[in-house]
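# Chains, contacts and geometry: an overview
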Amino acid sequence: MTDTDVVPAVPAAPVKTPPDQRRRAWTVTALLVVFMMVNFADKSVLGLAADPVREDLGLSASAFGLANSAFFLLFSICGAAVGLLADRVRPKWLLLTMAVLWSLSQAPLVLGGGLAVLVTSRVLLGAAEGPAFPVAQQTTLSWFPNHRRNLPGALIVLGITLGVLVAAPVLTWVIHEHGWRTAVAVVAVAGAVWALLWIPFGGEGPYAGTRGSGTPEPVPADGSGAGADRAAHGSDAAPAADSREADRVAEAAEDVAGAGGAARGTPYRRILATRTWIGATAAYFGTYWVIAFCLVWLPSYLHDGLGYSSVASARLLMLVWGLSGVVVLGQAGLTGWLLRRGSSSRRARGGVGGVLLLVGAGACLALPAAPAGAATVVLLVAGFGCAGAMGSVAATTVAELAPADRRGGTLGIMNAVVTTAGLIAPTLVGHLVDTHGTAGYRQALLITGVLLLLGGIAAVTLIDPARDARLLSARRAGPLAPDHDAPRQLA
């Protein structure tokens, strides 16, 4: 729920937080941005090294696509399982375990081996990376109240873009100069370095969970214990405008509500049956299809399908991901501005995210018929670049809908469904390319456009977390629940 969806009830004695907790919140967010950068550098390394890997191991396009799809074999299952576990185990330790496993799973591939080692390494890496995005979002958003989550949530998605933007030139150079196995070693070492930094600086915020009273767990003076790392937004200075006072009122109201839309203890099955969860998941599926296409086949499409050199392909790849980053930040700013002006999340999140998907769909559908040259580049960049913001929209929307004690599982299950796109897309595109040659890329673009179109329609028509939160709370309350259209009152 947003700060405009409730009648705020301010506790008599608001929870006080140390003045350095706002800085701590952004430190954790920055670390998790780097976490996602490493995550997507791991994913992109084989796509960047597609031609050397295929030549070295003697792989057809279908075999190479299958090897990349193997990454997602356990990705979705582990994403859901660890997402549910994150509602019971501190995400700090889950994230640390993931990063360590990333590095260990890639070590055999660095040392040698053929297709069997490649597939095994990617399966294990996918299992370890499957829960990364939902748990990182859950941890980041635990430091911020709902009306302040758009920017940190967008920054986690931006980590995807930054990971590819950094990986494309750096890993391309490493691949050309030192070989693709050395590039795998570089990303494995990066994961190990991140893990060492996360141990002293990582942790969860006050919105990760609540006590029975609905107030955030206090933080001991030494920052340790069960409530460790769970305070945010400490006041660095007295508020300079009425907006700061409004922020504090909204935060206090969300603290009382348990920092979630639906009531605590709402069964997962009811949350997953809401139109908002279904709409956000369908829309995010289209975005993840684009991500899988970009990571595995876009470099080859630019080189083999459009005839660009390796250097030019890398630059165009950076342009696509760069626009995606700009769109993600722009969406966060626009959504936050709309929410502060009183717009519902239906318009501010579902509407904005859905329109961006529809723009991407139009560009992808037009791309196969476009003449070669500037028009192709513009449509390619627009089609793939505009689709990325839906990841942030989906995560913040579901976090708004789900109560704190169901947030990790709800995000994890959404991610598990969505990332099946990563299992299907590489294999399907590889099959199309083997069967139809470069014309297979055009067919893949049409499929991508249709998926984005359906996702955009789902976002615009189905997403409304305030409505579904009221319905869930009313159903849990029973026959004496207030009317569904009335604002939910806080005790």
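To be clear, the structure that these remarks concern was listed above.
The next subject is the pattern of salt bridges. Going through the model one piece at a time under the given rule, you end up with six salt bridges. Between R349 and E400 there is a salt bridge whose closest N-O contact spans 2.4 Å. Separated by 51 residues along the polypeptide, R349 in helix α15 (residues 345-366) and E400 in helix α17 (residues 390-401) bring together distant segments of the chain. Grouping residues by exposure puts R349 and E400 together as buried. The residue D468 makes a salt bridge to R467 at a minimum N-O spacing of 3.1 Å. You can call D468 buried: its relative accessible area is 3%.

As a further point, take the environment of V164. With respect to the helices and strands, the residue V164 is situated in helix α8 (residues 150-178). Through-space distance from the C-alpha of V164 to that of V320 is 10.0 Å; in sequence the pair is 156 residues apart. Apart from residues no more than four positions distant in its own chain, V164 is found in contact with F40, P169, L295 and W321.

Before going further, it helps to examine the packing of aromatic side chains. Aromatic ring pairs are described here by two measures, namely the spacing of the ring centres and the angle between the planes. Under the counting rule described, the total for this entry stands at 13 aromatic pairs. Between F35 and W194, the ring centres sit 4.7 Å apart and the planes meet at 50°, which makes this aromatic pair tilted. Placement of F35 in helix α1 (residues 21-48) and of W194 in helix α9 (residues 180-201) is noted, with a sequence separation of 159 residues between them. The class for F35 is buried, based on a relative accessible area of 0%. Judged by relative accessible area, W194 falls into the buried class, the value being 3%. One aromatic cluster is present, formed by F71, F75, F133, Y284 and Y288 through successive ring pairs. Sitting over the ring of F40, K43 keeps its end group 4.3 Å from the ring centre. The ring centre of Y268 lies 4.9 Å from the NZ or CZ of R406, which sits over that ring.

Residue pairs three or four apart in sequence face the same way in an α-helix, which turns once every 3.6 residues. Its 22 residues place the ends of α15 31 Å apart at the C-alpha level, agreeing with the 32 Å of an ideal helix rising 1.5 Å per residue. Maximal helix bending in α15 amounts to about 30°, located at G351.

Attention now moves to α8. Between its first and last C-alpha atoms α8 spans 40 Å; for 29 residues at 1.5 Å apiece the expected length is 42 Å, and the two agree. Taking the largest bend as the criterion, α8 deviates by roughly 35°, centred on A167, and proline P169 comes between one and four positions later. Once α8 finishes, G179 follows within two positions and takes phi at roughly 100°, a positive value.

Turning our attention to the nonpolar core. Counting 122 residues, the largest nonpolar core has L32, F35, V53, Y288, W321 and F384 as its most contacted members. Broken down by element, the residue count for this core peaks at 14 residues, all from helix α12 (residues 275-296). Aside from chain neighbours lying at most four places away, what touches W321 is I160, T161, V164, L165, I291, C294 and L295.

What counts and how
Residues numbered from 1 in each chain as written. Predicted model: local features only at pLDDT ≥ 70, side-chain atom pairs only at ≥ 80, totals over all residues. Heavy atoms only, no water. Salt bridge = Lys/Arg side-chain N within 4 Å of Asp/Glu carboxyl O. Helix = DSSP H or I, 4+ residues; strand = E, 2+ residues; numbered from the N terminus. Buried < 20%, exposed > 50% of the residue type's maximum accessible area, 1.4 Å probe, protein only. Contact = heavy atoms within 4.5 Å. Phe/Tyr/Trp six-rings, centres within 6.5 Å; stacked < 30°, edge-to-face > 60°. Lys NZ or Arg CZ within 6 Å of the ring centre and 35° of its normal. Expected span 1.5 Å × (residues − 1). Bend = angle between axes of the 7 residues up to and from the residue. Core = buried A, V, L, I, M, F, W, Y, C linked by side-chain atoms within 4.5 Å.

That's the geometry; what it means functionally is another story.
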